[in-house]
Amino acid sequence: MSAVRISGIRKTVRQFALAAVACMAVAGGAALVAAPDTTSASVPQQASGADVDWPNATPTPVAPTN
């Protein structure tokens, strides 16, 4: 292999690595923009009926047994 060919391979690898880093940066930025904001996320509710006070359930007293 000549020095020119080795230099060309290095240049190609360097350009490929730079392109890969640029693509990942763009994809990461797009994912960051598209991610839902944590402050505006709604609290999930259980769909078991209107009588359920989830997540703040009121405890019912239980009589002690001997």
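All of these numbers come straight from a predicted model, not from anything done at the bench.

J.: A description of the overall build of the protein chain should follow, citing residues and the corresponding values.
T.: Helices and strands together make up the secondary structure of the protein chain, namely one helix and zero strands. Among the 66 residues that make up the protein chain, the fraction classed as buried is 0%. When the accessible area of the protein chain is evaluated, it comes to approximately 6400 Å², of which 66% is carbon and sulfur surface.

J.: Describe helix H1 (residues 3-34), with residues and values.
T.: Helix length check: H1 (32 residues) gives 47 Å between terminal C-alpha atoms against 46 Å at 1.5 Å per residue, within 8%. In terms of residue burial, H1 counts as a barely covered element, since only zero of its 32 residues are buried.

Reading guide: rules and limits
One numbering rule holds for all chains: residues counted from 1, following each sequence as written. In keeping with the predicted nature of the model, local features appear solely for residues at pLDDT of at least 70, side-chain atom pairs appear and are counted solely at 80 or more, and the whole-chain, interface and lining totals rest on all residues. The basis for every side-chain value is the complete set of non-hydrogen atoms in the structure, without hydrogens or water. Only DSSP runs of H or I with at least four residues qualify as helices, and only runs of E with at least two residues qualify as strands; both kinds are numbered from the N terminus onward. Relative accessibility under 20% of the residue-type maximum defines a buried residue, over 50% an exposed one, and the middle range a partly exposed one, all with a 1.4 Å probe and only protein chains included. Computed with a 1.4 Å probe, the accessible areas rest on the Shrake-Rupley method; for each residue, only the protein chains presented here act as cover. One less than the residue count of a helix, multiplied by 1.5 Å, gives the span that helix is expected to have.

Remember that the coordinates give geometry; whether it matters functionally is a separate question.
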